[in-house]
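What follows is each chain in one-letter form.
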Amino acid sequence: MKPKVQKLRNGLKILKIPYKDTKAVTVLVLLKVGSRNETPDVNGVSHFVEHLMFKGTPRRPNTQVISQELDRIGADYNAFTGKDQTGYYIKAKANKIDFCLDMLSDMLFNSKFDPVEIDRERGVILEEMHMYEDAPMMYAGELLEEQMFGKNHPLGRLTIGPKKVIKEVSREKIVEYKESFYVPNNMIVVVSGKLDKDTNKKIRKYFANGFKKKTLPAMKKFTDKQKSKKILLKYKDTEQVHVAMGVHGYSYNHKDLHAQILLSVIMGGNMSSRLFINIRERQGLAYFIRADDAIYEDTGGFIVQAGIDKKRIYKALEAIMEELSDVAKNGVSKKELKKAQDYLAGRVALDLEDSSSMASWYGKQELLMKKLETPEEKLREYRQVTEADIKRVAKNLFQTNRFNLTIIGPFKDKKKFNKILKIKDR
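Scoring rules and cut-offs
- Residues numbered from 1 in each chain as written.
- Predicted model: local features only at pLDDT ≥ 70, side-chain atom pairs only at ≥ 80, totals over all residues.
- Heavy atoms only, no water.
- Core = buried A, V, L, I, M, F, W, Y, C linked by side-chain atoms within 4.5 Å.
- Buried < 20%, exposed > 50% of the residue type's maximum accessible area, 1.4 Å probe, protein only.
- Contact = heavy atoms within 4.5 Å.
- Helix = DSSP H or I, 4+ residues; strand = E, 2+ residues; numbered from the N terminus.
- Pairing = 2+ DSSP bridges.
- Axes fitted to C-alpha atoms, helices over the stretch in contact; angles between N-to-C directions.
- Parallel < 35°, antiparallel > 145°, perpendicular 65-115°, else oblique.
- Nonpolar A, V, L, I, M, F, W, Y, C, P; charged D, E, K, R; others polar.
- Salt bridge = Lys/Arg side-chain N within 4 Å of Asp/Glu carboxyl O.
- Polar contact = N/O pair within 3.5 Å; in protein donor to acceptor, adjacent residues only side chain to side chain.
- Expected span 1.5 Å × (residues − 1).
- Patch = residues over 30% accessible without salt bridge, like charges linked within 9 Å, V, L, I, M, F, W, Y side chains within 5 Å.
- Areas by Shrake-Rupley, 256 points an atom, 1.4 Å probe, with all protein chains shown as cover.
- Lys, Arg positive; Asp, Glu negative; His and termini not counted.
- Charge placed at Lys NZ, Arg CZ, Asp CG, Glu CD.

1. Focus on the nonpolar core
Here's step 1: Within the largest apolar cluster, 73 residues are counted, with the highest numbers of intra-cluster contacts made by Leu263, Leu317 and Phe398.
Here's step 2: The residues contacting Leu317, other than those within four sequence positions of it, are Val243, Met245, Leu405, Ile407, Phe417 and Ile420.
Here's step 3: With 66 residues, the next largest nonpolar core counts Leu12, Ile97, Leu126 and Val165 among its residues.

This is the structure:
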């Protein structure tokens, strides 16, 4: 059954998702804030704030106290920051729901932002940056979005931020940013699992009293103005070249998003996809290859990533472009489409096995989408996509002048890559 959204006077939204076949409860707090809300002088602060939420409150003065309390009940807990959302969750035994709500509200509203802890955490985040830079598979994707959305738009900036900001941003700026977005009317509390009749009362106790709504800073929307292909070569002396290739795609609420997602499954979403079979298995041109979607409120992207032997980079890219050209020209078969639809149905069933998955499913929809849909409703929409829809979307997305290419490897000359990066026989 679809959960109902409840809205308190202070703007806080509540989602309760009863889940009978469990003895656990998940409390997930989602905030509509991420790196796309940042200006250049505070780029990376959304992620910085997330780290600092675990550093102590007046009642729980340091990280050790917080982690000991959580570990004492065997809780699963963590947090995450993206470009358009930040989330904090605790999953524990159902009779610990009071504790989960108390802990999260204390962290979110009462964290101390101790100057000593802030300076210590700068070093932690700088090391996290080094980890990303040393993992080209992840870093190539970040650089591709920087290229696609542009450094002058928040979506084009790295979520973790530049080193200069992390080293120099003041406590005052961090706190000011946090207080601008960590307000009830920018927040959803999702409680999923084995719920009791007092769940509503408990949420109100920890998230309603004393917390008032505020006017939120405006979000800068993205307008796609790309008219020619773009290539970024990040020189690194490696044997394996890391490639990220993308075109602008559809937003969360676009009518063709379901077709785009099915297209990405068909092209590179699993081990029986076109790119995996033809590029890796048959030709042995890539160690890994996949297609995926980057989706936001007002825009999106279709992305292909691959790890390729540097000696075979040109042949591999030509083969990838052949596959994209073919689907744009000839579309997909009925059998391929059904296989992709069945795959998504299976993934949804597996992904929604527990209370934390259900909390994320509904919470994210309420945060970023125009309507709540059950898994059954969502899968019904995927089933309605036709072969003609896939072909139309592929032709619309895969246009030569719309491509962006990022390569991390031992290359400096763009000329040959520029020749390869084109859709043929349109």
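2. Quick look at helix H10 (residues 274-282)
Here's step 1: Within H10, the full set of buried residues consists of Arg274, Leu275, Phe276, Asn278 and Ile279.
Here's step 2: In this fold, the buried residues of H10 make contact with helix H9 (257-268), strand E9 (286-295), strand E10 (300-309), helix H11 (313-330) and helix H12 (334-351).
Here's step 3: A positive backbone phi angle near 60° is found at Gly284, which sits one or two residues after H10.

3. Re the sheet that holds strand E1 (residues 5-7)
Here's step 1: Reading across from one edge, E1-E2-E6-E3-E5-E4 is the order of the six strands in this open sheet, with mixed pairing throughout. Strands with a single pairing partner mark the edges of an open sheet, and in this sheet they are E1 and strand E4 (76-81). Neighbour to neighbour, the strand axes of the sheet diverge by 15° on average, direction disregarded.
Here's step 2: Bridge count between strand E2 (residues 13-18) and strand E6 (residues 187-193): six bridges; the pairing is parallel.

4. Focus: the packing of H9 against helix H15 (residues 387-397)
Relative orientation and spacing of two packed helices are given, respectively, by the angle between their axes and the distance between those axes.
Here's step 1: Direction vectors running N to C along H9 and H15 enclose 85°, while the axes themselves pass 9 Å from each other. It follows from the interaxial angle that H9 and H15 lie roughly perpendicular. Side by side, H9 and H15 meet where Ala259, Gln260, Leu262 and Leu263 of the first sit next to Asp389, Ile390, Val393, Ala394 and Leu397 of the second.
Here's step 2: Residues of the contact of H9 with H15, tallied by class, amount to seven nonpolar, one polar and one charged.

5. Thoughts on the pattern of salt bridges
Here's step 1: Per the stated rule, a full pass over the model turns up 34 salt bridges.
Here's step 2: Of the charged contacts, one joins Asp342 and Lys338 as a salt bridge, the two residues approaching to 2.8 Å between their closest N and O atoms. Placement of both Asp342 and Lys338 in helix H12 is noted, with a separation of four residues, approximately one turn of the helix.
Here's step 3: Judged by relative accessible area, Asp342 falls into the partly exposed class, the value being 33%.
Here's step 4: Note that Glu381 is salt-bridged to Lys371, the shortest N-O span being 3.4 Å. Linking Glu381 in helix H14 (residues 375-383) with Lys371 in the loop between helix H13 (355-368) and H14, this pair joins segments that are ten residues apart in sequence.
Here's step 5: The network of salt bridges with shared partners includes Arg59, Arg60, Glu69, Asp102 and Asp106.

6. Some thoughts on the side chain of Ser325
Here's step 1: Relative to the elements of secondary structure, Ser325 occurs in helix H11.
Here's step 2: When its relative accessible area of 4% is taken as the criterion, Ser325 is described as buried.
Here's step 3: At 3.0 Å, the side chain of Ser325 forms a polar contact with the backbone nitrogen of Lys424.
Here's step 4: Residues in contact with Ser325, not counting those within four places in the same chain, are Lys422, Ile423 and Lys424.

7. Some thoughts on the side chain of Ser46
Here's step 1: Tracing the backbone shows Ser46 in helix H1 (residues 45-52).
Here's step 2: Its relative accessible area of 3% is what places Ser46 among the buried residues.
Here's step 3: At 3.2 Å, the side chain of Ser46 forms a polar contact with the backbone oxygen of Gly34.
Here's step 4: In this structure, Ser46 is in contact with Val33, Gly34, Ser35, Glu38, Thr81 and Tyr177, ignoring residues within four places of it in sequence.

8. Quick look at the environment of Asp84
Here's step 1: Mapped onto the elements of the fold, Asp84 is located in the loop between E4 and strand E5 (86-93).
Here's step 2: Aside from chain neighbours lying at most four places away, what touches Asp84 is Leu31, Lys32, Val33, Gly34, Arg36, Tyr252, Ile295, Tyr296, Leu367 and Leu368.
Here's step 3: Within polar-contact distance, the side chain of Asp84 engages the side chain of Gln85 at 3.5 Å.

9. Considerations on unusual backbone geometry
Here's step 1: Of note in the backbone geometry, Phe113 takes a positive phi value of approximately 55° without being a glycine.
Here's step 2: By secondary structure assignment, the location of Phe113 is in the loop between helix H3 (97-110) and helix H4 (115-133).
Here's step 3: We classify Phe113 as buried; its relative accessible area is 6%.

10. Points about the environment of Thr39
Here's step 1: Within the fold, Thr39 resides in the loop between strand E3 (24-31) and H1.
Here's step 2: Judged by relative accessible area, which is 41%, Thr39 ranks as partly exposed.
Here's step 3: Taking the C-alpha atoms as reference points, Thr39 and Asn152, separated by 113 residues in sequence, lie 9.5 Å from one another.
Here's step 4: Of note is the side chain of Thr39, whose polar atom sits 2.5 Å from the side chain of Asp41.

11. Re the sheet that holds E10
Here's step 1: Within the open sheet, the five strands sit side by side as E7-E11-E8-E10-E9. Their pairing is mixed. Edge positions in the sheet fall to strand E7 (230-235) and E9, since each of these pairs with one other strand and no more. Within the sheet, the average angular offset between the axes of one strand and its neighbour, ignoring direction, is 15°.
Here's step 2: Across the face of the sheet, H9 comes into contact with strand E8 (240-249), E9 and E10 while running at roughly 175° to E9.
Here's step 3: Here H11 sits on the sheet and contacts E8, E9, E10 and strand E11 (404-409); the angle it forms with E8, its principal contact strand, is near 25°.

12. So, H13
One full turn of an α-helix is made of 3.6 residues, so residues set three or four places apart face in the same direction.
Here's step 1: Between the first and last C-alpha of H13 there are 20 Å, a value that for 14 residues agrees with the 20 Å anticipated at 1.5 Å per step.
Here's step 2: Judged by how many residues are buried, H13 sits mostly within the fold: eleven of 14 residues are covered.
Here's step 3: All buried positions along H13 are accounted for by Ser355, Ser357, Met358, Ala359, Trp361, Tyr362, Gly363, Gln365, Glu366, Leu367 and Leu368.

13. Some remarks on a positive patch on the surface
Here's step 1: Positive charge collects at one region of the surface, where Lys23, Lys93, Lys96 and Lys194 lie side by side.
Here's step 2: Structurally, the position occupied by Lys23 is in the loop between E2 and E3.
Here's step 3: For Lys23, a relative accessible area of 73% gives the class exposed.

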